[in-house]
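Spelled out, the chains give:
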Amino acid sequence: MAKHDHSEILERVSASMPDAVLLDDLADFFSIWGNPTRLRILYALSVSEMCVCAISELFSLEQSAVSHQLSILRKANLIKGERMGKTVYYSLADDHVKTIISTGYEHLTEKD
């Protein structure tokens, strides 16, 4: 069997690869999206800003469970909170988050 010279491809790919730390961070970023509850919350926040109690009611979850998921999403810079009186209203951190949601949704629902 003849051996192929892959040096050009390997050079091109190696030159474009981010460093390992950045790829690890990217893997962590996508693992956050792998939780169905967090994804539901992100999807809901793509429609409207909401407080913990509204999210809890929407998904029939305890407020403590919602608060825990919101904390994870906030630490990942996927959402932000704005205090109005005693209530914090959550929304997506930026348009990138909405783009990720809509791109994933389109990918899953497109017809071949």
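The preceding data block contains the structure.
Keep in mind that what you see is a predicted model, and the values were worked out from it rather than measured.

## Examining the environment of A65
Here is step 1 of the chain: Along the polypeptide, A65 turns up in helix α5 (residues 63–75).
Here is step 2 of the chain: Classification of A65 by relative accessible area gives partly exposed; the value is 33%.
Here is step 3 of the chain: A C-alpha to C-alpha distance of 11 Å links A65 and C53, two positions 12 residues apart in sequence.

## Looking at unusual backbone geometry
Here is step 1 of the chain: One non-glycine residue with positive phi stands out, namely S60, at about 55 degrees.
Here is step 2 of the chain: Of note, S60 is situated in the loop between α4 (52–59) and α5.
Here is step 3 of the chain: With phi around 60 degrees, N77 is a residue other than glycine that occupies positive phi space.
Here is step 4 of the chain: You can see N77 is positioned in the loop between α5 and β2 (79–84).
Here is step 5 of the chain: Its relative accessible area of 57% is what places N77 among the exposed residues.

Basis of the calculations
Residues numbered from 1 in each chain as written. Predicted model: local features only at pLDDT ≥ 70, side-chain atom pairs only at ≥ 80, totals over all residues. Heavy atoms only, no water. Helix = DSSP H or I, 4+ residues; strand = E, 2+ residues; numbered from the N terminus. Buried < 20%, exposed > 50% of the residue type's maximum accessible area, 1.4 Å probe, protein only.

Note that all results are geometric; they support no functional claim without further evidence.
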